[in-house]
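Structure at a glance
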There are 4 protein chains.
Amino acid sequence: MLSFENDYSCGATPEILARLAETNTTTFPGYGSDDICASAKAKIREACGAPDADVWFLVGGTQTNQTIIDAITPPYAGVVAAATGHVNVHEAGAIEASGHKVLTLPHHEGKIDAKELNEYCATFYADANYEHMVFPGCVYVSQATEYGTLYTKAELEAIAEVCHAYHMPLFVDGARLGYALTATGNDVTLEDLARIADVFYIGGTKVGALFGEAVVFTHHGDYSYTPKHFLTLIKQHGALLAKGWLLGLQFDTLFTDGLYMRIARHANEVADRIRTALREKGYTLTFEAPTNQIFITLDEPTRERLEEHVRLGFMERADETHTVMRICTSWHTTDEQVDELLALL
Amino acid sequence: MLSFENDYSCGATPEILARLAETNTTTFPGYGSDDICASAKAKIREACGAPDADVWFLVGGTQTNQTIIDAITPPYAGVVAAATGHVNVHEAGAIEASGHKVLTLPHHEGKIDAKELNEYCATFYADANYEHMVFPGCVYVSQATEYGTLYTKAELEAIAEVCHAYHMPLFVDGARLGYALTATGNDVTLEDLARIADVFYIGGTKVGALFGEAVVFTHHGDYSYTPKHFLTLIKQHGALLAKGWLLGLQFDTLFTDGLYMRIARHANEVADRIRTALREKGYTLTFEAPTNQIFITLDEPTRERLEEHVRLGFMERADETHTVMRICTSWHTTDEQVDELLALL
Amino acid sequence: MLSFENDYSCGATPEILARLAETNTTTFPGYGSDDICASAKAKIREACGAPDADVWFLVGGTQTNQTIIDAITPPYAGVVAAATGHVNVHEAGAIEASGHKVLTLPHHEGKIDAKELNEYCATFYADANYEHMVFPGCVYVSQATEYGTLYTKAELEAIAEVCHAYHMPLFVDGARLGYALTATGNDVTLEDLARIADVFYIGGTKVGALFGEAVVFTHHGDYSYTPKHFLTLIKQHGALLAKGWLLGLQFDTLFTDGLYMRIARHANEVADRIRTALREKGYTLTFEAPTNQIFITLDEPTRERLEEHVRLGFMERADETHTVMRICTSWHTTDEQVDELLALL
Amino acid sequence: MLSFENDYSCGATPEILARLAETNTTTFPGYGSDDICASAKAKIREACGAPDADVWFLVGGTQTNQTIIDAITPPYAGVVAAATGHVNVHEAGAIEASGHKVLTLPHHEGKIDAKELNEYCATFYADANYEHMVFPGCVYVSQATEYGTLYTKAELEAIAEVCHAYHMPLFVDGARLGYALTATGNDVTLEDLARIADVFYIGGTKVGALFGEAVVFTHHGDYSYTPKHFLTLIKQHGALLAKGWLLGLQFDTLFTDGLYMRIARHANEVADRIRTALREKGYTLTFEAPTNQIFITLDEPTRERLEEHVRLGFMERADETHTVMRICTSWHTTDEQVDELLALL
């Protein structure tokens, strides 16, 4: 059955599989202390234009969010996020299980707004009872967001400015960063991100790797530090991979010869084809979003008809008679799959 | 300076002080295993019409909320509360520090709505991804609410029905329960509460005691159990008072000869006098609420004028030029204090 | 029935009760922001010879230990304590519930040894795998210990030296500090303690107060800081008393005219009488300890005989036929009670 | 450089790599809901002789221990383990970070003793203050242990009997289970384990897989249940792999045609060769242990000489002049590597 259900339903780019085969009998030291990890980190620092950045590799998104947020948020504080943020909705309480509240802002197609963030913080500190409340301790945004939308450079800079005015590091969840960086109309480069964010990660699981997220502590200002004994914190969160080179190897491959960007761009290109077709056929796109996630609001007969032939992602019930569904392309979506899908619409 | 800032700014009823003096040199076993605690529990069970109820005494509201919610909420679940609920706003993240998310519903003058609760739960279980989300595990309401409003019996029964349909215990924060039970128009008796809620507490700190909250596990149905080894859980939360009889003594006194209700009613009566005067003088009451908390929306000149002479509670900024302030009466508010206040209005 | 079961089985010194009565109708601001708390803090700073110290009042020992240790221990670290330390044995896992491991050292009649502490830390950092282990993050000792024994000044200084060599604050649990300061042979004054420890508390619950522990951050060196937003951390641990002046009032009274030391000394004096009698009558004192706790190893017939007439504290089974029991005096033990006890021996 | 440092320093068995290549472009549903996981689970249930068992796949050992122990241990309880247990020493406080204390028993070459466990529990419940202490809530043992030693069937049965007498599930960490099952002299089969333990895991990371541990809830008695909503708990611990079929695929391969046992046996056979040589050459084996970990106590000159040519694992300093080092074979150790090592001894 055809599947546009999500962007983590196939293996890895062939280059990664080949590299796995090549290195399979080599002996490596454990926990990421190997040379391939070192090489991958160097390539990421270079791609970020951030020679002082500190790079770490973790396995998956939720554990990365949990480990970073727990490490950068003071004990008296929470993480500010869009109400629709992955950490608020789809991580089974992983943030709270580590002791921190998610402080929510209204979302605008998945994004928070710098002015509303500023207002939130100003109101917090103006409240006579603020010492009895959870402090805003860091800020979490996703690029691309859970709705496939993108922050502009100006928007991210404005958010960072508020963050730093209120002594909060800015953390960017880049589970789908590749798809953000290569989207039509995007103006935020990896170098921009490394300059604006205090910590972010480059998603591998959804962009070409079997698994893996590359965390970058950007080290450009007061809030861009690596938390003390971060390796121990990773271990404590159960997130330290024994065979760490498996992570380094994947990112080393993805950051060689522009592979990461190239495969991500492909996913956007096929998504663009689908968006065009959807518009032509009169479908309702739930959001204007330029990345690999396309949300459409379907009436039930259409949804049922489509789901006979293609797996889509469930987003939410829109109303009694409509559901928001997701068409998700990825680095491995083929032109044939797109043709098949278009024929069904 | 005159103070209507809150309802925890004086000591205790004279009867409690006398009892403290009487028993000061008596030797008691520790941690609430004494006879006075046993007597107080018996009186509370009787007042609740709940002979099988299990009663415990803790020191303060936040620790009581934290200990109960942690004890009754499964590890994969959070507590559903109004966005304005004390546990969500004013407990410095105590619930999250114990590992649980607060799942918020919109509030209606501080109250949640049974239909919206039902919709929340139905939507949750209808979501294809619900296993990746925080389950609704128990429901928290306050009677009176943080805005001084009250649930009717029908409203509480409707909430309880939804709770039990979704296998959630209903927990009622009664930090100001005395003021709820004795308010004009209230139709929820203590017996009703013990029949409807699975666990609730009777607030002492704000109603006549130096400190203390009496937790009642009502034991009337599947969700009305006492969590296993609850004494150990209290201790683990740092909430077990060594000289436990000090708590029993206060509740034993408050539940003798109707003292608790009598002093609470007084606070409502003086609040009613103030409300009448405020209306006559054209003040804007922010909410219609019948208990000891009166919220008024003040312009800045009025606020400044009043605050020269009387301490009020800060609630929130209403807009650029108005602030919501709280006038709070209590069991110890005197007629003279009310006269003085009325003269200032 | 006669009771030497513990030192928290009576109310408070009459001076405290009188003060409660005097202030009962006075209006105070909440959460310890009142003048009596300010006065009590000033007196404690003076008694400690530590004008820069920062003083806070909490209700009970376990919550104080939990709140302080959670606040001063980094997330990658645990608290080092004697295996017999209260935090390791009798707090129902309160430290672990806040996320920290208790790292145990062998005890010597309840005390840890500076050399063994040093060896522990040296071994830790010499271990090739230490980043996978729990770092020693702070050190917890009790004065007096759980066995009634005392650290000498030289012992505490040696421990502090190791602490600071390994970047760990030294925290002294003073639940029974009064009994330590006034014991025969003690050479550690309150001023010494404020100079040596980074944070400690002065126990009220067991020494004259209804409840209450006065936490002193001594502010004399790099490790003697108050954790940021400590008020919020107290609240988050459910440990912030609404009517905070009740705590200030008790410590203000205890630190007026030497009351604290005077009542503590009395408990030691009567304990000395009991120790002398026990020795004369051939009882086995389990430890040589000069404070208000006397441990005796009893055979079963003797234990049963005594327990018909006097409540003793249970310590542990020594072997098949012997039990270690505790005779505990306190500030409120009367000469008549001691006479009665001696007659029973 | 030759390496006998650990058993997680190479990739995976060629069969797994081949399978990865074969399935790389297939589309799978996420989070382990795919057919290969279903097939792997069926094979594991069959190998365990446990048709009702419930099988789950996680990525690594620490996250598996953390997730299981948090899920099966009541909030008032801790996990009982050998002082040398991995959860007590080498997981950076992961258990405590989830709120549970590790309650330690003395170890006997890495093993706990049923009688001592029984004594621990009996003493606990006989303590008059046990409600103030951390309850023994479950029991953790490793097979093989951290010292390479093995429990006999009789020993495990005796431990299980104590566990169930005190209402504790028995959890067996099988990170090196393959090496245990195939060791000379071992009498505990996989079927035995599934009959005796309430939950255990079959280690893949150290036995032929790139990563992965297969958790088996054995479902044979009161304590052998799967915790409610375990998928959500896995997610909350950051341990749910998006591309779950990667785990299923590895275990499906390992449990086809006896591969798991065959490669594990090889590691023991080469370890036996090394042990024989060590004995012949007069080395001191620190423990008598039949599995793939060989501990030897080396004087410094010998250690330095060896470490010029071969990477060994650090265990601990034995004394001023000796260190305990580990020679670790694995499924991928070649005869040539062993020859090289023997030549160095």
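Residues numbered from 1 in each chain as written. Chains lettered and ligands numbered in written order. Predicted model: local features only at pLDDT ≥ 70, side-chain atom pairs only at ≥ 80, totals over all residues. Heavy atoms only, no water.

In the annotation of an unreviewed UniProt entry, chain A is listed under the name Aminotransferase class I/II-fold pyridoxal phosphate-dependent enzyme and assigned to Bifidobacterium amazonense. If you open the UniProt record of chain A and go to Sequence similarities (unreviewed entry), you find "Belongs to the threonine aldolase family." Taken verbatim from the UniProt record of chain A, the Cofactor (unreviewed entry) comment is "pyridoxal 5'-phosphate". (UniProt positions renumbered as here; feature names shortened; annotations may be inferred.)

With that settled, the discussion passes to the domain arrangement of chain A. All names here are of chain A. In terms of domain boundaries, chain A breaks down into domain 1 (2–8 + 260–344) and domain 2 (14–254). With centres defined by C-alpha atoms, the gap from domain 1 to domain 2 works out at 27 Å. Looking only at domain 1, the three residues that lose the most surface to domain 2 are Tyr260, Phe287 and Trp331, adding up to 31% of its buried area. In this structure, Asp7 and Arg176 form a salt bridge, with 2.6 Å as the shortest nitrogen-oxygen distance. In this assembly, domain 1 and domain 2 are joined by 11 residue pairs in polar contact (both at pLDDT 80 or more). (Domains from an automatic or database assignment. Buried area = accessible area lost by both parts, 1.4 Å probe. Salt bridge = Lys/Arg side-chain N within 4 Å of Asp/Glu carboxyl O. Polar contact = N/O pair within 3.5 Å; in protein donor to acceptor, adjacent residues only side chain to side chain.)

A word on the relation of the copies chain B and chain D. You can overlay chain B on chain D at an RMSD of 0.0 Å; the transform is a turn of 180° with a shift of 0.0 Å along its axis. Each copy turns onto its partner about a two-fold axis. In this assembly the copies share their binding face: 100% of the residues contributing to the interface of chain B also contribute to that of chain D. (Least-squares fit on C-alpha atoms with pLDDT ≥ 70 in both. Contact = heavy atoms within 4.5 Å.)

Turning our eyes to something else, we now look at the side chain of Thr333 of chain A. Residue and element names in this part refer to chain A. Assignment of secondary structure puts Thr333 in the loop between strand S13 (322–328) and helix H14 (335–344). For Thr333, a relative accessible area of 5% puts it in the buried group. Within the structure, Thr333 has its side chain in polar contact with the backbone nitrogen of Ser330 (distance 2.8 Å). (Helix = DSSP H or I, 4+ residues; strand = E, 2+ residues; numbered from the N terminus. Buried < 20%, exposed > 50% of the residue type's maximum accessible area, 1.4 Å probe, protein only.)

This brings us to the interface of chain B and chain D. Each side of the interface is counted separately: chain B has 15 residues, and chain D has 15 residues. Our enumeration of links across chain B and chain D arrives at 0 salt bridges. Between chain B and chain D we count 6 residue pairs in polar contact (both at pLDDT 80 or more) in total. With 5 residues, the top contributor of residues to the side of chain B that touches chain D is helix H10 (residues 230–236) of chain B.

Turning next to the interface of chain D and chain A. Buried accessible area, meaning the area lost when the parts come together, often serves as the stated size of an interface. Listed by partner, the interface residues are 39 residues for chain D and 39 residues for chain A. Between chain D and chain A, roughly 3,500 Å² of surface is buried when both sides are summed, and carbon and sulfur atoms account for 58% of that area. Across the contact surface, chain D and chain A share 0 salt bridges. At the level of secondary structure, the elements contributing two or more residues to the side of chain D that touches chain A comprise helix H1 (14–23), helix H3 (61–72), helix H5 (94–97), helix H10 (230–236) and helix H11 (245–254) of chain D.

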